[in-house]
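So the chains spell out like this:
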Amino acid sequence: MIMMKIMIICSSGDGGGHGSSDHPSIAKGEQLWKQGMEHHPSAALITSLGQLYISTGRPTQARQLYESSIPLLQNDRERAEVYIASASLEEHVFRNVESASNLLKAAVNNSS
């Protein structure tokens, strides 16, 4: 339910899914994601908030979010999802293939 509200609010931002974090709809969506994470952190909330950060030009915040959130997740599958999102960020945004590779290895080792 909360994910649906967030998606609707954020999609009403600038029409293209990209925009400044100063836009009221983006800021409200970010606030709702953070509230959800305080109550029940999940890979879905973490990776969605990370995508918001990336699409609004804040990839370093996404990197920090992924890094700090992995220990909060209760199961291997959820941690693996965040590791994979983090690896994708490292490869595609930061162009750090070595770091991406290490994160993917961590995802595999985490689930074994």
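It should be noted that the structure appears before, not after, this text.
Residues numbered from 1 in each chain as written. Predicted model: local features only at pLDDT ≥ 70, side-chain atom pairs only at ≥ 80, totals over all residues. Heavy atoms only, no water.

1. A few points about the packing of aromatic side chains
Applying the stated rule across the entire model yields zero aromatic pairs. Seen from the ring of phenylalanine 94, arginine 63 lies directly overhead, with NZ or CZ sitting 3.6 Å from the centre. (Phe/Tyr/Trp six-rings, centres within 6.5 Å; stacked < 30°, edge-to-face > 60°. Lys NZ or Arg CZ within 6 Å of the ring centre and 35° of its normal.)

2. Some thoughts on the pattern of salt bridges
Counted according to the given criterion, the structure contains six salt bridges. The closest approach of N and O atoms between arginine 58 and glutamate 30, which form a salt bridge, is 3.1 Å. A residue pair is termed long-range when its members are at least 10 positions apart, and arginine 58 in the loop between α3 (43-55) and α4 (59-69) and glutamate 30 in helix α2 (residues 24-39) qualify at 28 residues. On the basis of relative accessibility, which here comes to 15%, the residue arginine 58 falls in the buried class. Glutamate 90 serves as the salt-bridge partner of arginine 63, at 2.6 Å between the closest nitrogen and oxygen. Of this pair, arginine 63 sits in helix α4 while glutamate 90 sits in helix α5 (residues 76-92), and the two are 27 residues apart along the sequence. (Salt bridge = Lys/Arg side-chain N within 4 Å of Asp/Glu carboxyl O. Helix = DSSP H or I, 4+ residues; strand = E, 2+ residues; numbered from the N terminus. Buried < 20%, exposed > 50% of the residue type's maximum accessible area, 1.4 Å probe, protein only.)

3. A word on the environment of glutamate 67
Mapped onto the elements, glutamate 67 comes out in helix α4. Assessed through its relative accessible area of 62%, glutamate 67 is described here as exposed.

4. A short note on α5
For α5, which comprises 17 residues, the first-to-last C-alpha distance of 24 Å matches the rise-based estimate of 24 Å (1.5 Å per residue) to within 8%. Listing the buried residues of α5 in full gives Glu78, Arg79, Ala80, Val82, Tyr83, Ala85, Ser86, Ala87, Leu89 and Glu90. Residues of α5 that are buried in the fold lie against α3, α4 and α6 (97-110). (Expected span 1.5 Å × (residues − 1). Contact = heavy atoms within 4.5 Å.)

None of the figures reported here should be taken as evidence of function without further support.
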